[in-house]
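Okay, here's what each chain looks like letter by letter:
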Amino acid sequence: MHYTISGPDIRAVLGVSPQTLVRWFKNHPEGHPPHITDKKVIFYRLDDVVARLRGGNGSSADTGPKSVRPRGLYGDELASLVQIDAERRLEAMQDDMYCEGASPLLNVLTDAENERLAEMRAAFRYTAVACGFSPDLYMDRLARHPAIIRYVLTGDRSELPTLEGWASWSRAFCIVNVPNLAQVAA
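Residues numbered from 1 in each chain as written. Predicted model: local features only at pLDDT ≥ 70, side-chain atom pairs only at ≥ 80, totals over all residues. Heavy atoms only, no water.

1. Thoughts on the side chain of Thr 127
Now for step 1: Tracing the chain through its elements places Thr 127 in helix 5 (residues 111-130).
Now for step 2: Beyond its immediate chain neighbours, meaning those up to four positions away, Thr 127 contacts Trp 166, Ala 167 and Ser 170. (Helix = DSSP H or I, 4+ residues; strand = E, 2+ residues; numbered from the N terminus. Contact = heavy atoms within 4.5 Å.)

Listed below in structure tokens is the structure:
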């Protein structure tokens with residue numbers, strides 16, 4: 001996952017003041033600290049922004065962190081930030097950087113988003129097993145893949161493989177994200 005969402009992006013999409021943004025993101029008990037460029041522009045990770053702005057209101061289980069924004073982050077506002085994230089990731093072309101353990105985003109998914117994530121995990125599980133990999137080793141990483149996050153949050157399948165392409169996508173994903181060299185031989 002990349003630091004792709006800048007403070008000015010959030011302010012423009014949500015129509016908030018710089019002071020509001022500082023108040024929302026001044027403490028980072030969950031997620032990752034922001035990245036600050038040489039020009040003092042602050043960048044955040046998409047999953048941290050969604051988790052921070054939604055808080056526990058997004059899930060029926062309500063296990064996530066406390067929301068800093070009462071109306072959360074959904075609909076067109078969410079789609080705009082996901083689009084910015086996708087464009088910046090495309091520019092960076094470093095898709096191997098997203099695999100870093102569990103995400104606070106998973107704690108604030110809505111029921112519909114959890115269903116889409118379960119759908120992706122099922123498709124991946126089937127094809128990973130067919131390719132000779134143990135899918136359980138990859139589930140946390142799969143949930144952090146930018147194409148999966150985009151689909152889970154917005155329903156946009158544009159970055160996902162077609163039905164016939166899941167086997168090659170899953171094999172490539174497993175090889176690139178292999179936890180140890182013993183898995184490559186499998």
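2. Digging into helix 2 (residues 18-25)
Residues spaced three or four apart along an α-helix face the same direction, because each turn holds 3.6 residues.
Now for step 1: Buried within helix 2 we find Thr 20, Leu 21, Trp 24 and Phe 25. One side of helix 2 holds all its buried residues, which, seen down the axis, span an arc of 115 degrees. In helix 2, the exposed positions angled more than 90 degrees off the buried face are occupied by Gln 19 and Val 22.
Now for step 2: On its buried face, helix 2 sits against helix 1 (7-14), strand 3 (42-45) and helix 3 (46-54). (Buried < 20%, exposed > 50% of the residue type's maximum accessible area, 1.4 Å probe, protein only. Arc of directions from axis to C-beta.)

3. Side note on the pattern of salt bridges
Now for step 1: One pass over the structure, following the stated rule, counts eleven salt bridges.
Now for step 2: Among the ionic pairs, Asp 9 bridges to Arg 88, the shortest N-O distance being 2.4 Å. Placement of Asp 9 in helix 1 and of Arg 88 in helix 4 (residues 75-92) is noted, with a sequence separation of 79 residues between them.
Now for step 3: Among the salt bridges present, the one from Arg 45 reaches Asp 48, with a minimum N-O distance of 3.8 Å. With respect to class, Arg 45 is no different from Asp 48; both count as buried.
Now for step 4: Within this structure, Arg 45, Asp 47, Asp 48 and Arg 144 form a network of salt bridges that share partners. (Salt bridge = Lys/Arg side-chain N within 4 Å of Asp/Glu carboxyl O.)

4. A look at helix 1
Now for step 1: Buried within helix 1 we find Gly 7, Asp 9, Ile 10 and Leu 14. In an axial view of helix 1, the angular spread of the buried residues amounts to 160 degrees, which keeps them on one side of the axis.

5. A short note on the confidence of the model for the chain
Now for step 1: When pLDDT is averaged along the chain, the result is 79, and 79% of the positions lie at 70 or above.
Now for step 2: For the chain, per-element mean pLDDT is lowest for helix 9 (residues 181-185), which scores 47, and highest for helix 1, which scores 94.
Now for step 3: Here residues 93-99 scores under 50 on pLDDT; set against residues more than four positions off or in separate chains, the count is 16 contacts. (pLDDT = per-residue confidence, 0-100.)

6. Remarks on the environment of Ile 10
Now for step 1: Mapping Ile 10 onto the fold places it in helix 1.
Now for step 2: When the C-alpha atoms of Ile 10 and Ser 80 are compared, they prove to be 9.5 Å apart, with 70 residues separating the residues in sequence.
Now for step 3: Setting aside chain neighbours within four positions, we find Ile 10 in contact with Ile 5, Gly 15, Leu 21, Phe 25, Tyr 44, Val 49 and Leu 81.

7. Considering the pairing of strand 3
Now for step 1: Strand direction decides the pairing type here: strand 1 (residues 3-6) and strand 3, joined by three bridges, are antiparallel. Directly across from Ser 6, in strand 3, lies its bridge partner Phe 43.
Now for step 2: Relative to strand 3, strand 2 (residues 35-36) is paired through two bridges, and the arrangement is antiparallel. By the bridge assignment for strand 3, Ile 36 is matched with Ile 42.
Now for step 3: Between strand 2 and strand 3, which pair antiparallel in sequence order, lie five residues; one of them, Lys 40, sits at a positive phi of approximately 65 degrees. (Pairing = 2+ DSSP bridges.)

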